[in-house]
Amino acid sequence: MQAVNDVAGLLFGPDDELRKIIWLTLRMSFFSVLISSAVGIPFGVILGCLKFPGRGLVIRVTTTLMGMPPVVGGLIVFLILSNSGPLGHLRLLYSLEAMVTAQVVLITPIITGLTANTVGVRYKQVAETARGIGLSPSKSLSYTLFECRRQMIAVLLTGFGRAIAEVGAVQIAGGNIQHKTRVMTTTIMMATNMGRFNTAVALGGVLLLIAFLINGFAHFFSKEEDA
Amino acid sequence: MIQVLGVRKEYTGRCVLDVPSLCFEQGKRYALLGANGSGKSTLLKILAGIIKPTEGTVQSEAAGKNAVGYMPQKPYGFSFSVLRNVTMAIDACPNRKEIAKSAIGAVGMSTLINADASKLSGGETQRIAFARIIAIQRKLLLLDEPTASTDLNGIDLLEKALLNYCGETGCTVIFATHSPAQAMRLANQVIFLQQGLIAEHGESKQVLHEPQSKAAQAFLNHWKL
């Protein structure tokens, strides 16, 4: 009971650091998914619906990148944004932008792959019927996207779930700086190492709750309604 | 008139259709008969322009946006109302709702006009897909097993609607079926396919009652039994 009180005190007490950490985590995850979707969805639609030379290779590369270890993604962004890297002059390392960039590197292949899979299967069914009644390819595609709307929301939520729970890449690219780049996962890791278990448990609980809500929504949107 | 010239279709080196020459006359109804994998659907898809042949050409007088209507074996029911599923084929017509309602009525689906088409059964979806095809005047109908999932009442309605439509429009119909009885009821001519080749082609009565090829004889033996 004491532990619950301690956790509630940390979350709703006068010190707003934990609430700022949660807010920063949500912002980072939101912008990561927003940018990844802007790139990944059109690319996924092209990959799922169009046939072009080298498509098989692109699909295999995308599938491989879907399983990229987060620390590798973080390392790539670190090397690019570090002072000696090609974009070092932008001075973005250890910032929210750097963490979002690392997340985008990780999430874009996931959104691309899932979109290609979802839209590709449906496009085959829709296009045959749509072309059979004289509809243009662009109309076939727009009907396909309309028919995939529920699954696409689930794809976005899956991306968001991955972003919010990720630790390796944001630790490397963000640096876990207090009041600047400290997010929920890096705080949990740090608090555990320092023996501040109440803080770690409080944030772990919030993270689990958010993950549960996201999964619930994803399940709700991805399931087909009963016929 | 539609002419098929030297059409050949291969999938990963395996020939699934080889039609050196075939001619479909305007206003006639043709049944494509044959076992599973005989090339019926492939021929229909090539005629509809859904897939391209590996070799050969199809010359058709039925050109234009809505001249050809193709109904796939498993048509898609879009997740909006049955009425909208039919009007989507005739978006340019000013009185599309009335036309669609008439087509839906012709296939006996008036009671489900506001139902979500994505939640209908396979047979009901086929009836909606057929209404979508006949909602507008076309020169050529290509139907891939249009009543495969439909019950007996639905088959009767669809066949009547098809014959009425043909009478009104004078369109050419090419349909695939596994039912010799349906071929007899609907078609002027029967084309019997076996392993991608035309085994027999002629007047319906002649092919169905006095088949010359061994493949057609073996296939129709099951029917007679």
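As the structure is a computational prediction, the values presented were derived from the model and not from experiment.

Undergrad: I tried to follow the layout of surface pockets on my own but got confused; where do I start?
TA: It is the rolling of a water-molecule-sized probe over the atoms that shows where space remains empty. Taken as a whole, the largest pocket spans an internal volume of roughly 1,500 Å³. Contributing to the lining of the largest pocket are 47 residues, with Arg122, Tyr123, Lys124, Gln125 and Ala127 of chain A lying nearest its centre. Broken down by secondary-structure element, the contributors of at least two residues to the lining of the largest pocket are helix H2 (17-49), helix H5 (96-132), helix H6 (137-147) and helix H7 (149-165) of chain A together with helix H1 (40-48) and helix H4 (122-134) of chain B. When residues in the lining of the largest pocket are grouped by element, the largest group, nine residues, is from H5 of chain A. Grouping the amino acids of the lining of the largest pocket by side-chain chemistry returns 15 nonpolar, 16 polar and 16 charged. Empty space within the second largest pocket amounts to approximately 250 Å³. With three residues, the single largest contributor to the lining of the second largest pocket is strand S5 (residues 68-71) of chain B. Looking at the lining of the second largest pocket, its residues break down into seven nonpolar, five polar and two charged.

Undergrad: Help me understand the interface of chain A and chain B, please; the structure alone is not making it clear to me.
TA: One widely used convention gives an interface's size as the accessible area the parts lose upon coming together. With 18 residues of chain A in contact, the opposing surface of chain B contributes 22 residues. Taking both sides of the interface into account, the surface hidden between chain A and chain B amounts to around 1,700 Å²; carbon and sulfur atoms contribute 54%. When the buried surface of chain A facing chain B is broken down by residue, Glu128, Thr129 and Ile133 of chain A rank first, second and third, together holding 36% of it. For the interface between chain A and chain B, the tally reads two salt bridges.

Undergrad: Explain the sheet that holds S5 of chain B here, please?
TA: Each strand in a sheet pairs with another by means of backbone hydrogen bonds, the pair being arranged parallel or else antiparallel. Residues and elements named next belong to chain B. Spatially, S5-S6-S7-S3-S8-S9 is the arrangement adopted by the six strands of the open sheet, whose pairing is mixed. Of all the strands in the sheet, the pair left with one neighbour each is S5 and strand S9 (197-203). Here the average twist between neighbouring strands, direction ignored, is 15°. Alignment of strand S8 (residues 189-194) against S9, held across six bridges, turns out to be antiparallel. Bridged to Phe192 within S9 is Glu200. Lying on the sheet, H4 is in contact with S5 and strand S6 (140-144); it crosses S5 at an angle near 175°. Strands in contact with helix H5 (residues 152-169) are strand S3 (29-33), S6 and strand S7 (172-177); relative to S6, the strand with the most contacts, it is inclined by about 165°.

What counts and what doesn't
Residues numbered from 1 in each chain as written. Chains lettered and ligands numbered in written order. Predicted model: local features only at pLDDT ≥ 70, side-chain atom pairs only at ≥ 80, totals over all residues. Heavy atoms only, no water. 1 Å grid on protein atoms, 1.4 Å probe; cavity = no way out; pocket = protein on both sides within 12 Å on 5 of 7 lines; lining within 4 Å. Points joined across faces, edges and corners; volume = space filled by probe spheres on them. Helix = DSSP H or I, 4+ residues; strand = E, 2+ residues; numbered from the N terminus. Nonpolar A, V, L, I, M, F, W, Y, C, P; charged D, E, K, R; others polar. Contact = heavy atoms within 4.5 Å. Buried area = accessible area lost by both parts, 1.4 Å probe. Salt bridge = Lys/Arg side-chain N within 4 Å of Asp/Glu carboxyl O. Pairing = 2+ DSSP bridges. Axes fitted to C-alpha atoms, helices over the stretch in contact; angles between N-to-C directions.

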